[in-house]
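Here is what each chain is made of, one letter per residue.
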Amino acid sequence: MTRHADFVHLHVHSQYSLLDGACRIPDLVEAARRHRMPALALTDHGNLFGAIEFYEACMKGGVKPIVGVETYVAPASRHDKESKGIQEASFHLILLAKDEVGYRNLLKLVSLAHLEGFYYRPRIDKEILGRYSKGLICLSSCLQGEVSYWMARDERAKAAKAAGELAALFPKGDFYLEIQDHGIADQRKIIPGLLSLGKELDLPVVATNDLHYLEKSQSRAHEALLCIQTQGTLDDPKRFRFETDEFYFKSPEEMSSLFGEAGRALLN
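Residues numbered from 1 in each chain as written. Predicted model: local features only at pLDDT ≥ 70, side-chain atom pairs only at ≥ 80, totals over all residues. Heavy atoms only, no water.

Draft legend 1. Structural view of the nonpolar core. Grouped together as the largest cluster of nonpolar side chains are 80 residues, with contacts concentrated most on Leu28, Leu95, Val147, Ile179 and Phe249. Examining the composition of this core, we find that 6 residues originate from one element, helix H6 (residues 156-167), more than from any other. If we ignore the near neighbours within four places in the chain, the residues touching Ile179 are Ile191, Leu194, Leu195, Val205, Val206, Ala207, Thr208, Phe259, Ala262 and Ala265. (Core = buried A, V, L, I, M, F, W, Y, C linked by side-chain atoms within 4.5 Å. Buried < 20%, exposed > 50% of the residue type's maximum accessible area, 1.4 Å probe, protein only. Helix = DSSP H or I, 4+ residues; strand = E, 2+ residues; numbered from the N terminus. Contact = heavy atoms within 4.5 Å.)

Below, the structure written as structure tokens:
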């Protein structure tokens, strides 16, 4: 019997992360099958547009579907629309449905994000997250997540406060501190701090790869997609771009080489 991989991707953007994700859903599922991953998540930015297509493709391909979203969280109230710009308007957060109750709560949160919290992006806040957290698992997200944001700025007390507030919204064991390594200095800088914070607050840690395209060779095409989103051009040195070409569908072996010393985070 073929052994399943010990790692599955839980931070994944398809073409439904509009003008930011470059992965087609059938290709994502096939990649998971190729790497013997028993499950795969879908966490598009602020929407569930691909949820049904993803679920059906996974069921057909023999991969367990984990439906999720990378939501945007307002720093204070979702009704507050006075921040100075898009970078200050929201933090990122990963939500994954454990069951049908969680899926229905995802639907509710995404709907409210558009109807009540929209400011540059569809946003929730901690008030409604606490109200609709049942059936959900939460990951603290990337450098744009609140915990990592403060940790990268050497504001450990603020990072701990944010982690505690978020963890309090979920049953024990359902909130995870998320570590990533795409060769970006700030990501590597904060990994020891996040591991230490996890021990201090008794919070589990999970290793992810912020997946935006399937193959490393597709990073240039993804840059063109970002240019369309930001109305930039590839010949503009000041255009918005990802710092490295490491945002692809990494194999379990590649992830193990990055996080081997934090093996529990890979298993999580």
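Draft legend 2. Fine view of the packing of helix H1 (residues 25-34) against helix H2 (residues 51-61). Put simply, H1 and H2 touch, their axes get as near as 9 Å, and they point 35 degrees apart. The interaxial crossing formed by H1 with H2 has right-handed handedness. For the pair formed by H1 and H2, the contact residues are Ile25, Pro26, Val29 and Arg33 on the first element and Glu53, Phe54, Ala57, Cys58 and Gly61 on the second. (Axes fitted to C-alpha atoms, helices over the stretch in contact; angles between N-to-C directions. Left-handed = near helix turned anticlockwise from the far one by under 90°.)

Draft legend 3. Representation of the environment of Lys161. Along the chain, Lys161 turns up in helix H6. Remark: the alpha-carbon pair of Lys161 and Leu107, spanning 54 residues in sequence, is separated by 28 Å.

Draft legend 4. Seen up close, the side chain of Glu70. Turning to its location among the elements, Glu70 is positioned in strand E2 (residues 64-73). One buried charged side chain, Glu70, makes no salt bridge at all; its nearest oppositely charged neighbour is Arg121, positioned 9.2 Å away. A polar atom in the side chain of Glu70 sits 3.2 Å from the side chain of His11. At a separation of 2.9 Å, a polar atom in the side chain of Glu70 contacts the side chain of Ser141. The residues contacting Glu70, other than those within four sequence positions of it, are His11, His13, Thr43, Asp44, His45, Gly46, His92, Leu93, Ile94, Ser141 and Cys142. (Lys, Arg positive; Asp, Glu negative; His and termini not counted. Salt bridge = Lys/Arg side-chain N within 4 Å of Asp/Glu carboxyl O. Polar contact = N/O pair within 3.5 Å; in protein donor to acceptor, adjacent residues only side chain to side chain.)

Purely geometric numbers; function is a separate question.
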